[in-house]
Amino acid sequence: MTDSGNNSTPTDGKAPTEHGFAGKMDTTDKIVVVGAHTILGEMLIHHLEKNESVSEFWVIDLHAPTKTSLKKMHFIRLDLIAPGADAKLAEQFEKIGATVLVHCASKNNPSLNWVYAHELEVIGTLNLTSAAKAVKLRKFVFCSSTVVYGASAKNPNYISESHPLASRPGAHFVKDKVDAEKQVAKLYEDAPQMIVTVLRFCLILGPRSENYFTELFRRSLVPTILGYDPLMQFIHERDALEALKIAVFEDHRGPFNIVGKGIIPLSYALRLSGKVQLPMLSFLAYPTVQLLWNLQAVAVPGRLLDFFKFLWVAEGEKAKNLMKFEARLSSKEAFLEFAKADRLERYSLAS
Amino acid sequence: MTTPHDKSKRRSALGSDPFLKVVREDETSVKPEIPVEVQAEAKTQAETDFENDPEFKATKKTLEDLGKELDEFHRDPKNYNRKKLEGLVKDFIFELKSLLADSGYFARIREAMTGDHMSWTGVIKGLRRFIQSDEVDDYGLDRQFEMAIKPFFDFLYYKYFRVEVSGIQNIPYGGRTLLVANHSGVIPMDAAMMKVAIFNEHPSKRDLRFLVDDFVFHFPFMGTIMNRIGGVRACPENAERLLNHDEIVSVFPEGIKGISKLFKDRYQLERFGRGGVIRLAMKTKSPITPVAVIGAEEIYPLIFKSHILARPLGLPFIPFTPLFPFLGPLGVIPLPTKWKIHFGDPIQFNQYTSNDLNDDILINRETENLRQCIQAMIKQGIEERQSVFGM
């Protein structure tokens with residue numbers, strides 16, 4: 001689980017010590033974080049506030065972060081999807097003299113208002129990339145997700161970064177993420193001097209994480225699909241932050257899968273956390289869930305059920321070799337941590 | 001589940017104790033004569049011991065009867081009275097049940113259900129604890145589940161198909177190996193039997209990883225069960241990763257065409273894909289061990305297959321055998337043929353470099369050589385056997 005290495009030499013700064021990656025950065029770098037209300041953005045902002053080598057940083061969002069004790073932060077209110085947003089963004093970047101852009105403003109959840117979701121994901125990313133291109137930023141870090149590979153019976157057991165992205169995803173949620181990735185991938189050609197890092201996180205679990213998966217797992221009766229028990233992969237939110245820190249403070253080009261150690265079948269995870277499963281017949285589940293989704297009774301549209309049925313496990317070897325990132329918690333431990341926090345929350349609410 | 005003592009007795013009685021063979025081959029270089037004699041004596045001793053075993057006698061008698069009936073059925077299928085065959089098959093099911101009861105299988109389940117026996121949740125939790133552990137390995141293999149269903153496959157292996165294994169010493173104790181075998185039987189039991197063979201007969205008890213065709217993962221339960229006993233989807237990425245992690249991987253390059261062979265075409269190898277096997281071996285620098293499985297072609301004598309009926313079900317084909325679908329669910333029971341699995345000498349691919357991967361002609365030639373090699377092994381095996389049912 002954790003490395004026993006307090007005795008490891010202090011010289012190897014890259015090895016994850018007990019406090020994780022120290023995050024010493026070039027002081028001339030000016031970091032701009034886009035998206036203050038996603039789990040990754042929120043955690044990164046808190047880290048930057050604590051990090052002593054960062055003197056100030058900028059945050060772009062529609063609403064200011066809820067925490068008011070952020071001394072080093074400068075908040076810029078900007079709508080990513082307003083007309084002419086790219087020009088405004090470029091102007092702001094010019095004024096700040098920004099060098100590093102961290103793009104976390106992507107949806108955690110599928111949304112019934114898919115037009116707005118599409119605008120935010122794809123057009124928002126497009127505006128950001130074109131602004132980044134215009135002012136010639138040094139680095140562009142994009143937080144994506146492993147859902148871009150799509151879930152299918154034809155996936156290999158471990159999907160590597162070179163695997164093609166889902167070609168015809170059914171769900172808008174996945175389609176938007178794939179489109180956004182394609183926008184960012186254009187930067188490799190259009191701005192070859194820019195360091196473009198794409199982090200594809202698997203499902204982020206933890207006490208604070210809120211996504212379509214945790215919404216389901218917080219229930220005591222969890223619907224599953226009868227006869228299908230896919231292998232699942234989770235990463236704890238602290239491990240996810242660790243990977244994001246490495247990407248922000250060090251230079252790594254290209255896409256990276258950021259995943260937890262090991263795998264666990266969905267049913268095993270549910271059993272270990274004491275949840276009761278409600279198996280549904282596959283052919284009935286899709287239309288039923290779609291109907292419930294349209295009534296906003298569940299957090300998942302019918303087409304996204306593929307992710308509860310087929311394999312979509314990603315390979316973390318590249319991040320381990322190049323970024324020296326290795327998750328400290330395994331998928332099973334991450335899930336149990338989440339379940340523990342969930343249970344505590346429930347008891348505290350009851351009392 | 002049989003006790004270890006019992007198992008060793010049974011193994012040598014079937015004349016296929018690979019461990020003894022391995023030891024013998026190692027020792028031949030030092031003292032060629034004495035160990036052979038000693039072992040021969042030990043073997044006859046064990047054999048006589050074993051043949052006096054009433055359980056064995058009963059099984060043998062049932063099998064002999066069944067063999068005779070099947071022979072009769074083959075001679076004159078039209079005027080055959082099916083009632084008798086059905087009765088014998090029912091006897092077999094009873095035998096399987098009694099075997100499980102004798103081996104303490106049910107006792108183990110009861111043991112696992114410690115604690116609350118009375119409530120339903122207690123019983124369900126206990127059963128789950130018996131068939132599932134808390135963790136799976138990197139590819140989804142669950143040892144607890146594997147062990148829970150192993151007695152059934154052991155029954156098939158030792159009693160039903162009476163598998164005889166030769167050349168097990170060609171499988172290394174460690175390191176990667178690619179097993180390439182002929183594919184047969186409508187329900188591909190050859191993969192399962194190879195897995196059991198390596199687990200039971202090889203001293204290192206290595207796990208065989210087998211690659212499963214895509215369509216299985218579209219079906220409920222099938223894909224999950226296959227995954228929990230160590231099967232992964234058949235694709236180059238998976239095979240490469242497994243071999244790079246020094247596993248034994250079995251490949252059936254004939255694919256679906258292999259298992260859908262008609263009875264008249266039995267043991268005629270189909271085309272070996274598009275050379276993916278050789279490419280895989282070259283890329284990962286792993287030796288190929290050719291495997292011939294004899295006897296698996298006759299378990300379901302396929303007289304007709306329908307692709308049109310299968311399409312709406314998402315299956316590759318629907319088989320018609322003399323027993324299926326006319327006998328209903330009883331038709332799913334395979335015929336008790338006697339099996340022989342021969343592991344051939346490994347073929348090395350170290351001499352090739354990565355440039356040769358693009359040489360299609362070379363790869364095609366190597367693929368054809370491999371096919372010929374396995375075909376020759378099969379031919380030899382068929383010539384050696386006296387009868388299909390081994391009576």
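Definitions and cut-offs
Residues numbered from 1 in each chain as written. Chains lettered and ligands numbered in written order. Predicted model: local features only at pLDDT ≥ 70, side-chain atom pairs only at ≥ 80, totals over all residues. Helix = DSSP H or I, 4+ residues; strand = E, 2+ residues; numbered from the N terminus. Rg over C-alpha atoms; globule rule 2.2 N^0.38 Å. Buried ≥ 20, exposed ≤ 12 C-beta atoms within 10 Å, placed from the backbone. Contact = placed C-beta atoms within 7 Å. Nonpolar A, V, L, I, M, F, W, Y, C, P; charged D, E, K, R; others polar. Pairing = 2+ DSSP bridges. Axes fitted to C-alpha atoms, helices over the stretch in contact; angles between N-to-C directions.

A.B. asks: I'm lost on the overall build of chain A in this one. Help?
C.D. replies: Along the backbone of chain A there are 10 helices and 13 strands. A globule of 351 residues ought to have a C-alpha radius of gyration of about 20 Å, and chain A, at 20 Å, matches this closely. For chain A, the spread of C-alpha atoms along the three principal axes comes to 55 × 55 × 45 Å. In chain A, which comprises 351 residues, the proportion classed as buried is 47%. Within chain A, residue pairs in contact and separated by at least 24 positions form 80% of the contacts whose partners lie at least 6 positions apart.

A.B. asks: Explain the interface of chain B and chain A here, please?
C.D. replies: Where interface size is quoted, it is often the accessible area lost as the parts come together. Each side of the interface is counted separately: chain B has 20 residues, and chain A has 19 residues. For the side of chain B that touches chain A, the secondary-structure elements that each account for two or more residues are strand 4 (232-233) and helix 11 (236-244) of chain B. Per-element accounting of the side of chain B that touches chain A gives the leading share, three residues, to helix 11 of chain B. Looking at the side of chain B that touches chain A residue by residue, the classes come out as seven nonpolar, five polar and eight charged.

A.B. asks: So what exactly am I meant to see when it comes to the sheet that holds strand 3 (residues 73-77) of chain A here?
C.D. replies: Residue and element names in this part refer to chain A. If you trace the seven strands from one edge of the open sheet to the other, you get 3-2-1-4-5-6-11, paired in parallel fashion. Every interior strand has two partners, whereas the edge strands, strand 3 and strand 11 (254-258), have only one. Across the sheet, the mean angle separating the axes of adjacent strands is 20° when strand polarity is ignored. Against the sheet, helix 3 (residues 114-135) engages strand 1 (31-34), strand 4 (100-103) and strand 5 (139-145), with an angle of about 175° to strand 4. Packing of helix 6 (residues 237-249) onto the sheet brings it into contact with strand 1, strand 4, strand 5, strand 6 (195-201) and strand 11, and relative to strand 6 it is tilted by some 175°.

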